[in-house]
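Summary of structural features
What follows is each chain in one-letter form.
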Amino acid sequence: MSEGPDEVTLQRKAKGKRPFYFSDPDVDRLLSMVMALTGELSVTRDRLDTLERVARAKGLFSASDIETYQLTDSDMEERAARHRAIFKEVTRIIVGELEDLEDRDEQDYRAVVDQVENDG
Amino acid sequence: MSEGPDEVTLQRKAKGKRPFYFSDPDVDRLLSMVMALTGELSVTRDRLDTLERVARAKGLFSASDIETYQLTDSDMEERAARHRAIFKEVTRIIVGELEDLEDRDEQDYRAVVDQVENDG
Amino acid sequence: MSIAYKEQHVHDALPETSHDELARQHFVRSFKEHLVTALHPGLKTAYEKRAKPRFVAEHQREPQSIQEVGQVMKQDSHYQAWSSLLRTSQEMMWSAAQIPVERAIADLAAQAAATPKIGSLRLDPDLQIPSYHTAVDIHCQPGGYHTEYIDNDVAQGAIYDRAVYIYAMGQMGVNNADMGDSTVAWLKQEHPDFKPTRILDMGCAVGHSTLPYASGFEGAEVHAIDVAAPMLRHAHARASSMGLPVHFSQQNAESTDFEDNSFDLVVSHILLHETSSAAIKNVIRECHRVLKPGGMMLHVETPPYEGMEPFDTFIFDWDSENNNEPFWRKSHLLDLEALARDAGFQSHTPIQIMVPSAFQETQRSNTFQGGDFGGGGVWFVYGCQK
Amino acid sequence: MSIAYKEQHVHDALPETSHDELARQHFVRSFKEHLVTALHPGLKTAYEKRAKPRFVAEHQREPQSIQEVGQVMKQDSHYQAWSSLLRTSQEMMWSAAQIPVERAIADLAAQAAATPKIGSLRLDPDLQIPSYHTAVDIHCQPGGYHTEYIDNDVAQGAIYDRAVYIYAMGQMGVNNADMGDSTVAWLKQEHPDFKPTRILDMGCAVGHSTLPYASGFEGAEVHAIDVAAPMLRHAHARASSMGLPVHFSQQNAESTDFEDNSFDLVVSHILLHETSSAAIKNVIRECHRVLKPGGMMLHVETPPYEGMEPFDTFIFDWDSENNNEPFWRKSHLLDLEALARDAGFQSHTPIQIMVPSAFQETQRSNTFQGGDFGGGGVWFVYGCQK
């Protein structure tokens, strides 16, 4: 048993071998991470929802102000730019591999190690 | 055809066998879930964006108040705690497998079943 | 299908939850609802259209057992996704219930200790936790029922209390009392003259099924036992905060220190499937020993597999391999008549009936997750008069 | 590369969308833009640097056909990711367009029925939906063009109307009218003396390509046919709300009830590739039958494969295997001269030209998704004078 309240960390994994279901267990691992992420997004949405309710209760603005707000094409331009930024981040790994193909004749990494290890 | 408006559920999957692209079709499924999640995150960002525009229109606060807000170190402490909480959730399955390795002599699950089934 | 929303009754023994902690719990509840309503029905379709035909093509007959259904279903992509998600929802449920408790563990222990108590609490630090509770953490609660992290710890109880509500998606009422409520309602209807004055609830956990007996049979002396101290500490604080006197003690239902012939009614709620082949015999024998002649034993469980279609059995049996319920399958295949008879119940025929949920009709949705309890709208009751 | 943002013109037949429903649609549009601008260009790189060398190493020559390019590209990680994402974007597009329509389906039907109408609408409940529309849902719209969920249903039309805008990323103008606009502009420039007084648009869907003829040739009687009732109901309400009289009728372009020699101009827009080898012959023959002598037939499509590089053809052909366009490939490989001649067009040489998009230059970005239409900045027009 632990001493102070600060140091208490609960056991987070149930004892008992965890079953995996997909032919590749890494798919189970990724799916678990995706659902955890979905949970965190839902928490964020709920916080935003509460914020809207608080604002309404204080007479500041309400969900219906948000629903009826008229976005201009130039507002949308700014949003589309943010969408692009999100995509860029999310698909970075895919695009990155192409940068390698396009711009560089990528050396085998092992060869680079050999070179720096053995150049003196 | 359905009767009342409440009961109408549109067909959501197009007729026609869906092609899969990765060597493991479960990767296509995960990718689809990740993009759907990215979509829902984008929707959330857009809602927050509209909220900021509404607040500005009502003279409450604006995006630039957010941009220029000076976070203190103690604010950042709180945020870092939340980041940790998010990570903990998202990587739970990975960390959990290590708990098994570290703390326990895990019995094979089948052996546990045999034991409780056949001890009397 | 949508399930009417009703939040758990916030009694004094539950932890405070921040906005986001609560939102995380609500998400898990919704996740489970979605699995039940949107993905569960597809299992039957996947079986009929994809898995079964594969079996039939190979064997020129339909699958006839859990194992044979499993052979083909475990390769089915919908079953795989559903199972992986259901297991994940279970892990997220425990985690979401753990977070506020982990944060406030010391406060919760202090608060439970400080609650003015009615009834009583008797702990036995020397009690051996049975191996069927230590081999794996039952239904995946990390640390099981019994683990203690600090002195006077109530953490596992506080977590379990909240998780049961999330798991059942509110379908067991605001106090998770449906199993007790349903049994009390059935007893009063079927045995209006039965007025138990001394009642024992075995494997009471946080006492969520115990309290209906304390409120339902006024003046009765209600005892409740469990092997897990954190459950009992939480249960005592919880019952006290609700003004219901129960005498909790840390004992194994296989062998208690109660006197022979001392109870009118002995009950348990989803206890039997969390024991073992040897233990279940001991439990029933113990029930017989402590019951007064003419007294009643009643165990609330989910229905036995006998007479079920192989596919339904396979789904109902999901928890046995996937939710750390190692005795689940065997417990649903037992000869319950013989079990009672061998334990000494020889004057009366054992009861094996389906009892309707006491939870108000409009709130019930007939939704099971895997095979596990909560929201089915009906409970299986096994028992016998001594 | 960024594409200037312009939102679809919100005419009266479109559903109301909540903030988040709209945001979800905007996301899909951005998703498609990103695929086109950030991931599509890499296909060529992946082919040149990775896939083609693999083929050459094995065969000592370059790939020469769609099939041979596919052999190596389908194993390329970038092609796999791009394809999986493009297919996903298509599924998300339909879903995002469906959500507000599903919610408001009854209101939309009532609203369309209540719209004061100009022109006319003639439905034929007995019309047989051709098998090339029922075998799979073309370009992955769940339910295809024709499915009806309630009486007077316009759902598939309202969904299609919005989805086309998202699909084309606004590159067909605020009313999705670019195919009609471009053809009308080309006609007026190349044939300034041609003044059709009776015009037929075949396979009009929601009439988005039809209306430019109604507004562009003042006083002309414009007819538009489609096999799908929900498209036509929506099209009629849509055209009426825009003040343009069109006579819609539910007919199969292979065999209509119009009189011989009765139209000056018969057009279609991306219709031909959604038929079949037999049907396309019937359609061209029907065009010839209903056209007045000297009348003009014009079909707007994407360019034939002839003369394209194998890699470009493979990419352009993506929809045929991946977006439920089963006739896409074959329709791009037809002998269009023979097709016209065999249908009776023997006095004039068939037209096979590229027509520049009428959509203002600055808005065009020369972006294709797979091979499908929208934003290419150019249309292929196939036709013939009778």
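Quantities reported herein were computed from a predicted structural model and do not represent experimental measurements. (Residues numbered from 1 in each chain as written. Chains lettered and ligands numbered in written order. Predicted model: local features only at pLDDT ≥ 70, side-chain atom pairs only at ≥ 80, totals over all residues. Heavy atoms only, no water.)

Now for the nonpolar core. Counting residues in each nonpolar core, the largest one holds 98 residues, and the members touching the most others are M73(C), L265(C) and L298(C). For M73(C), the residues in contact, after removing those within four places along its chain, are L43(C), Y47(C), A51(C), Y79(C), F311(C) and F314(C). If you look at the next biggest cluster of nonpolar residues, it comprises 97 residues, including V28(D), M73(D), L85(D) and F316(D). (Core = buried A, V, L, I, M, F, W, Y, C linked by side-chain atoms within 4.5 Å. Buried < 20%, exposed > 50% of the residue type's maximum accessible area, 1.4 Å probe, protein only. Contact = heavy atoms within 4.5 Å.)

With that settled, consider a nonpolar patch on the surface. A cluster of nonpolar side chains, namely L60(A), L60(B), F61(B) and I66(B), defines an oily patch on the protein surface of about 300 Å² accessible area. Relative to the helices and strands, L60(A) is located in the loop between α1 (25-57) and α2 (63-68). (Patch = residues over 30% accessible without salt bridge, like charges linked within 9 Å, V, L, I, M, F, W, Y side chains within 5 Å. Areas by Shrake-Rupley, 256 points an atom, 1.4 Å probe, with all protein chains shown as cover. Salt bridge = Lys/Arg side-chain N within 4 Å of Asp/Glu carboxyl O. Helix = DSSP H or I, 4+ residues; strand = E, 2+ residues; numbered from the N terminus.)

A word on the side chain of D226(C). Residue and element names in this part refer to chain C. Position of D226 relative to the elements: it lies in strand β3 (residues 221-226). No salt bridge is formed by the buried D226, whose closest oppositely charged neighbour, R233, lies at an N-O distance of 11 Å. A polar contact of 3.3 Å, which involves the side chain of D226, links it to the backbone nitrogen of C204. If we ignore the near neighbours within four places in the chain, the residues touching D226 are G203, C204, A205, M231, L232, S249, Q250 and Q251. (Lys, Arg positive; Asp, Glu negative; His and termini not counted. Polar contact = N/O pair within 3.5 Å; in protein donor to acceptor, adjacent residues only side chain to side chain.)

In this assembly, 29 residues from chain B lie in contact with 39 residues from chain D. In total, about 3,000 Å² of surface goes out of reach between chain B and chain D, with carbon and sulfur atoms giving 58% of it. Broken down residue by residue, the surface that chain B buries against chain D is led by L10(B), R12(B) and Y21(B), which jointly contribute 24%. Summed over the shared surface of chain B and chain D, the number is 4 salt bridges. A salt bridge links D20(D) to R47(B); the nearest nitrogen and oxygen atoms lie 3.0 Å apart. On inspection of chain B and its partner chain D, the count reaches 18 residue pairs in polar contact (both at pLDDT 80 or more). Grouping the amino acids of the side of chain B that touches chain D by side-chain chemistry returns 12 nonpolar, 9 polar and 8 charged. (Buried area = accessible area lost by both parts, 1.4 Å probe. Nonpolar A, V, L, I, M, F, W, Y, C, P; charged D, E, K, R; others polar.)

What follows covers unusual backbone geometry. Of all residues except glycine, most have a negative phi; of all peptide bonds, most are trans. All names here are of chain D. With phi around 50°, N261 is a residue other than glycine that occupies positive phi space. If you trace the backbone, N261 turns up in the loop between β4 (247-250) and β5 (263-269). The exposure class assigned to N261 is partly exposed, which follows from its relative accessible area of 41%. In this structure, N324 is a non-glycine residue whose phi angle is positive, near 50°. Considering the arrangement of structural elements, one finds N324 in the loop between α12 (318-322) and α13 (328-331).

With that settled, consider the sheet that holds β3(C). Residue and element names in this part refer to chain C. Here we have 8 strands laid out as an open sheet, ordered β1-β4-β3-β2-β5-β6-β8-β7, and mixed in their pairing. Taken across any chain shown, the strands that pair with only one partner, and hence form the sheet edges, are β1 (120-122) and β7 (351-356). On average, each strand axis in the sheet is inclined to that of its neighbour by 20°, with strand direction left out of account. Sheet contacts for helix α8 (residues 178-190): β5 (263-269), β6 (291-301), β7 and β8 (378-385); angle to β6, the most-contacted strand, approximately 135°. Most of the contacts of helix α11 (residues 277-290) go to β6, to which it runs at about 145°, and overall it touches β2 (198-202), β5, β6 and β8. (Pairing = 2+ DSSP bridges. Axes fitted to C-alpha atoms, helices over the stretch in contact; angles between N-to-C directions.)

In this section: the interface of chain A and chain B. Opposite the 47 residues of chain A that make contact, chain B presents 39 residues. Run the count over chain A and chain B and you get 11 salt bridges. A salt bridge links R82(A) to D49(B); its shortest N-O distance comes to 3.9 Å. Mapped onto the side of chain A that touches chain B, the elements with two or more residues apiece are α1, α2 and α3 (73-90) of chain A. Per-element accounting of the side of chain A that touches chain B gives the leading share, 19 residues, to α1(A). When its residues are assigned to classes, the side of chain A that touches chain B shows 23 nonpolar, 7 polar and 17 charged.

This paragraph deals with the pairing of β4(D). Residue and element names in this part refer to chain D. The sheet contact formed by strand β1 (residues 120-122) and β4 spans 3 bridges and is parallel. Paired with L121 across the strands is F248, a residue of β4. Taken together, the 4 bridges between strand β3 (residues 221-226) and β4 define a ladder with parallel strand orientation. Paired with D226 across the two strands is Q250, which belongs to β4. A crossover links β3 with its parallel partner β4, the connecting element being helix α9 (residues 229-241), and its sense is right-handed. (Right-handed = clockwise from strand over helix to strand, strands pointing away.)

Applying the stated criterion to the full structure yields 20 aromatic pairs over all chains. Relative to W328(C), the ring of F316(C) has its centre 6.4 Å away and its plane inclined at 45°; by these criteria the two rings are tilted. Linking F316(C) in helix α12 (residues 310-316) with W328(C) in helix α14 (residues 328-331), this pair joins segments that are 12 residues apart in sequence. Each member of the pair, F316(C) as well as W328(C), carries the same accessibility label: buried. An aromatic cluster of at least three residues, connected via ring pairs, comprises Y79(C), W82(C), F314(C) and W318(C). Taking NZ or CZ as reference, K188(D) lies 5.3 Å from the ring centre of F217(D), over its face. (Phe/Tyr/Trp six-rings, centres within 6.5 Å; stacked < 30°, edge-to-face > 60°. Lys NZ or Arg CZ within 6 Å of the ring centre and 35° of its normal.)

A few words on helix α7 (residues 155-167) of chain C. All names here are of chain C. Its 13 residues place the ends of α7 18 Å apart at the C-alpha level, agreeing with the 18 Å of an ideal helix rising 1.5 Å per residue. With respect to burial, α7 is a largely interior element, 13 of its 13 residues being buried. Looking one or two places after α7, you find M169, whose phi comes out positive at around 50°. (Expected span 1.5 Å × (residues − 1).)

Right, let's talk about the pattern of salt bridges for a bit. The final tally for this structure, using the stated rule, is 70 salt bridges over all chains. Across the pair D75(A) and R53(B) runs a salt bridge whose closest N-O atoms are separated by 2.9 Å. Of this pair, D75(A) sits in helix α3 while R53(B) sits in helix α1 (residues 25-57), which puts the two residues in different chains. In this structure, D75(A) and R53(B) share a single accessibility class: buried. Of the charged contacts in the structure, one is a salt bridge between R110(A) and E117(A), with a shortest N-O distance of 3.9 Å. Exposure remark for R110(A): the relative accessible area of 47% places this residue in the partly exposed category. Salt bridges here are not isolated pairs; linked through shared partners, they connect D75(A), E78(A), R79(A), R82(A), D46(B), D49(B) and R53(B).

Take the domain arrangement of chain A next. When the parts of a complex come together, some accessible area is lost, and that lost area is often taken as the interface size. Here chain A is described as being made up of domain 1 (22-69) and domain 2 (72-120). Just the C-alpha atoms count here: the centres of domain 1 of chain A and domain 2 of chain A sit 29 Å apart. (Domains from an automatic or database assignment.)

Our focus in this paragraph is the confidence of the model for chain C. All names here are of chain C. Mean pLDDT over chain C stands at 93; residues scoring 70 or higher make up 94%. Across residues 361-368, confidence stays below pLDDT 50; counting only partners more than four residues off in sequence or on other chains, it has 25 contacts. Model confidence for the complex is summarised by a pTM of 0.92, with the ipTM given as 0.90. (pLDDT = per-residue confidence, 0-100.)

Superposition of chain A onto chain B requires a rotation of 119° combined with a translation of 0.2 Å along the rotation axis, giving an RMSD of 0.7 Å. Viewed as a symmetry operation, the transformation between the two copies matches a three-fold axis. (Least-squares fit on C-alpha atoms with pLDDT ≥ 70 in both.)

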